[in-house]
Amino acid sequence: MLKLDKELKVKIDVYKKDKRAYYSFLILAFLFLATLPAELVCNVRPLVIVVGGKAYFPIFFTYSEKDFGSTLPSEPDYKSARFQRILNGVSAAPSTPTEEKNSFSLQLDDFEEEGLKTAFSIGLDDFDDSEDAVDPPAPAAEVALSLSPRDYWILWPPVRYDYKYIPTESKTGNVVLAAPYRTPARNGEGFIESSWEDGHYLGTDDRGRDVFARLFYGFRISMLFGASLAITGTLIGCLIGGTQGFLGGWVDLVGQRLTEIWGSIPRLYILIILSSFLVPSALLLFLILNLTAWMGIAAYIRAEFLKVRNFEFVKAAKGLGVSNFTIMRRHILPNALTPVVTFFPFEVTAGILALVSLDYLNLGVPSPAPSMGELLAQGKNNLQALWILLPTFASLTLTITLLTFVGEGIRNAFDPRKTL
Amino acid sequence: MLLSVKNLATHFHAGPGKIARAVDGISFDLEQGKTLALVGESGCGKTQTAFSIMRLIAENGYHPTGEIHFQGQNLFGLNPEEMRGLRGNDIAMIFQEPMTSLNPLFRIGDQLEEPLRQHLKVAKRDSRKRALELLERVGIPDPHKRIDDFPHQLSGGMKQRVMIAMSLACEPKLLIADEPTTALDVTIQAQVLSLMSDLQNQTGMAILLITHDMGIVNQMADDLCIMYGGRVAEYGSREQIFNNMTHPYTQRLFSSIPKLEKSDTLLDTIPGLVPSATEYGEGCRFADRCSEVMDICHERESKVHHITGNHKTVCHLMEKGSGSARKQSRTTDPVPVRKLENTPLIKIRNLKTHFPVRKGVFLRVVDHIRAVDDISLDIPKGATVALVGESGCGKTTLGESILQLVPDARGEVFFDDQNIMNLKGEALKQFRKHMQIVFQDPFGSLQPRMTIERIVGEGLEVHQPLLSPDERSQKISRVLEEVGLSSSILERYPHEFSGGQRQRIAIARALILEPEFLVLDEPTSALDVSVQAQVLNLLKELQSRHTLTYLFISHNLSVVRYMADTVAIMYLGRIVEQAPVEELFMNPRHPYTKSLLESVPDLEIRKPFKPLVGDVPSPLNPPSGCHFHPRCPIYLNEEQGSALAKNCTGQYPEKMGGNHSFVSCHHAAPSAKIQE
């Protein structure tokens, strides 16, 4: 398909004339391309650190604290005050309060269970309150052990959080459910500053993770998931529908009945059963959704094949002795592709919505993974936290609407009555 | 004057900066009770003229000039509401394709009653009565039963009758018939045409008949309007034009039609194609294809020359004096000589193709459609055997069964004494290069998404996969040249070509493997007459050059007369008569053959139609005895209970005569015996 044939060119021209569809496509393509390198946009690790003339790229390589002159073999928390002190040449090792904090942050990274969360967030709050009191003496105690201060230079991504990082420190004193605007403090005295102070542009969720970063990563995974589900679904659908339609007769009959039986089993039901004995993961979810994603497209392809296989050029090819598989691939498939192309954007939409609804029901990808559905569920559970609900809702609606516009545009462009 | 069209032009915006001048300044008049035929090849603006009169042209169309007066009223001056009152009421139209012009979701009664209630404000009860009358009038048997049928329950001829009934519902003063019989068999065509002229005699309506078939014109028309490139080439009464064709286009159009008489010369053709409506240049539009072309033709268009009475022509030849214009320019190229052998290349013995009819959840076979029912036929090497019959008689199925394209075929087919029915898998694949097929529809038989090179070369890929790319493209170019196409088209796609060119491509695809046997399945029935003549001549030349053996499937008897050596007439899956072409046309023995020959509209004398009654019965449930007896004029004239009538309903007539000339008819049998 190196050469675009004329017909396709005309269709693309018709599509471009449809302003709404064309701009929807441009916006969607921009959003998708922008979110593809999400690691470079939202990340807790800096893009580049230059310490004493030596460059480090923490996003691409994993370094340990030792590399920066400290003693621990674990990866440093680049955002922590502790890491600042390491860079400043102040060893973080012996002081008790910092030790305590350090162990905290380690726990934090592993931390996932629901139950511990509340207890912990209180602890953090407490800790934040006492921070001013505790911190100053610590460096004083460490001065004795300090190395010489070094020149360092750090380039951060635009958003200094990723989808799973739970911060250990906060300037506003509020980590969990921090609002992106000034709110009255919970005890009624004074105010909590906007989370912009900490660089959370859309606030944080109920575990202290950055909402913007989760949305950003969530959009990417939704698009990738939806698109790949549509691709595999289409491929499987073409294969099954094509075989049924081309061979007809008994194959078609049995295939149709099996498809009907298979289609009448609720997808959610299969998911609940499978997730009870399999460890849920994005890949597993993808495989399970693939079990049913092909059915719509298979029905269309089957109908097209049934129609096209009786065309005279197919008979002519048979008369030449061309093999069945070649006839299907070369003669029928290109003429049966219109529904595939037309339905593709809608299949992507269906894939995204499937993922979102499963995540919303907590049957989707497991917790730290960024997901719009999980954000929606959080928004529902914390209705006061509008900064979670509204942006998620808005970006989901936007994605689906744009995809629908794109799909409509394609459908109109492929409408045979609209050939120019 | 009922209808008077003056200087009508209908143009269309066809993309940026392009204007298609579909109709470009035509004038004609039509009197009450008369029939005017608009004649020309496709793409000459006939249909758009009709749509302009109905004011139903597409949204991108407009009229730069022109007036249409209907009963003294300027149609372009009416508002849409008034126009709607005229359509279907005073002006009615019937379309070419009866299959798609009836709404499949409504019963035909409802569709018939619609114009009655719309225009005549007839009450519901009366409208049904009137609908029944109409159905009876157009000759639909059992109108009481048929009125509640859906369109798919009717045959093509019945549907066209219903269409005519619909258009007659309000007793229109003008009936526009756009190729009303092109999609129908000759026998049904004769039925519909005789119905139309009967109705015209009764109601006195005027008919604007759009057609490309000169035979129909001869039968039906009072006046003729020959159109070319959106303009009138020649205009006059039937006698004036048929006796004195002045425009070269009229002459060539007429002479490119195969005649029912024997002819030793190739058909006259009009070279080239009708120009596209977006590319009309200065001067006469026919100049590029005209054999009498002069310099002045390319410079400007001729003025209108009045000859006698109404007879007008637009041609520069008239300025040189009428004598030179009347010169008939006919090719005298003889038909290329062929070596005719007596040894059969193909021997078919007891071929049966019975399609199973399946019902129920488990697709049990409940019955069989006997599409091909016990046929034996010899096809001599280098000869052309024609299969003739109405649609649904199994001609195409027989052709495809011989080529092993139908899995349900049983029996024996010998190709050079090798039984190819037993071939399977690889052996069959290898054998396919000896026999190829050319289909009827040049638009459906080429894969639209493959280039010409790939379409034509596909056979080589299968059968000679070791060919180097150079050798392959050389072969493709050679075969394209052979069918009269340049090898510069290799990279192009089928939709860029006209019907005739596509059919040439299809022939090239069939020829590239150098087969010995070709099945030609109505190869020209979708083409214009001038293009049909080109393709038929090409087929004749190819046959003599490569000693090809043809099985020529057609329903057009004049084409068969031109092409065939032996003719086999098929009816409901069986051959009812077979004879050498001369013998069959001079002395048809089977009543079905006679009826077929009589149904063909003649070019010379106007004769009353003696149409066959009824349609082809379903091959699922053929009539008892002789399959043809319910429609047979001899049986229908016979007294009930006579010996012959009993025979006809009782048993299928046996073949009478030899292997190469026989007939299956109880009535014709005695005479056949005498001839033996």
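Counting its regular elements, chain B contains 25 helices and 25 strands. Here the C-alpha atoms of chain B give a radius of gyration of 26 Å, agreeing with the 26 Å that 2.2 N^0.38 yields for 676 residues. In terms of principal-axis extent, the alpha carbons of chain B reach across some 70 × 65 × 55 Å. Out of the 676 residues in chain B, the part that is buried amounts to 47%.

Okay, the sheet that holds strand S11 (residues 231-237) of chain B next. Residues and elements named next belong to chain B. Across the sheet, 8 strands lie side by side as S7-S8-S9-S3-S10-S11-S13-S12; this open sheet has mixed pairing. The open sheet terminates on both sides in strands that have one partner only, identified here as strand S7 (91-94) and strand S12 (305-306). Two strands pair when backbone bridges link them, and strand S3 (residues 35-39) and strand S9 (residues 206-211) are joined in this way by 5 bridges, in the parallel orientation. Across the sheet, residue Ala37 finds its bridge partner in S9, namely Leu209. Of the strands in this sheet, S7 and strand S8 (174-178) touch helix H7 (residues 156-168), which is tilted by about 170° from S7.

If you look at the interface, chain B gives 22 residues, while chain A gives 18 residues. Secondary-structure elements contributing two or more residues to the side of chain B that touches chain A are strand S19 (435-438) and helix H16 (452-463) of chain B. In terms of residue count, H16(B) provides more of the side of chain B that touches chain A than any other element does, 4 residues in total. Along the lines of polarity and charge, the residues of the side of chain B that touches chain A split into 9 nonpolar, 7 polar and 6 charged.

Before going further, it helps to spend a moment on the environment of Glu97(B). Residues and elements named next belong to chain B. Within the fold, Glu97 resides in the loop between S7 and helix H3 (98-101). Residue classification places Glu97 among the partly exposed residues on the basis of 15 C-beta atoms within 10 Å. As for Glu97 and Met421, which are separated by 324 residues in sequence, their C-alpha atoms are 38 Å apart.

Moving on, we come to the domain arrangement of chain B. All names here are of chain B. Domain boundaries assigned for chain B yield domain 1 (3-90 + 170-325), domain 2 (100-169), domain 3 (344-586) and domain 4 (591-675). For domain 1 versus domain 4, the distance between C-alpha centres works out to 38 Å. Each partner contributes residues to the interface: domain 1 has 16 residues there, and domain 4 has 11 residues. If you list the elements that add at least two residues to the side of domain 1 that touches domain 4, you get helix H8 (186-203) and helix H9 (214-220). A per-class count over the side of domain 1 that touches domain 4 returns 7 nonpolar, 7 polar and 2 charged.

Parameters and conventions
Throughout, residues of each chain are indexed from 1 in the direction in which the sequence is written. Chains and ligands are labelled by the order in which they are written, letters from A for the one and numbers from 1 for the other. Local features in this predicted model are restricted to residues whose pLDDT is 70 or higher, and side-chain atom pairs enter the listing and the counts only when it is 80 or higher, whereas totals over whole chains, interfaces and linings include all residues. Numbering of helices and strands runs from the N terminus; a helix is a DSSP stretch of H or I covering at least four residues, while a strand is a stretch of E covering at least two. Atoms considered for the radius of gyration are the C-alpha atoms alone. The globule rule reads 2.2 Å times the number of residues to the power 0.38. Three exposure classes are used, all based on how many other C-beta atoms lie within 10 Å of a residue's own C-beta (placed from the backbone): buried at 20 or more, exposed at 12 or fewer, and partly exposed between those limits. Two strands make a pair as long as DSSP finds a minimum of two bridges between them. Contacts here follow a simple rule: the backbone-placed C-beta atoms of the two residues must lie within 7 Å. Under this scheme, a helix contributes an axis fitted over its contacting stretch, all axes are lines through C-alpha atoms, and angles between N-to-C directions fall in the 0 to 180 degree range. Amino acid classes used here: Ala, Val, Leu, Ile, Met, Phe, Trp, Tyr, Cys and Pro are nonpolar; Asp, Glu, Lys and Arg are charged; the rest, including Gly, are polar. By convention here, the domain bounds are inherited from an automatic or database domain assignment.

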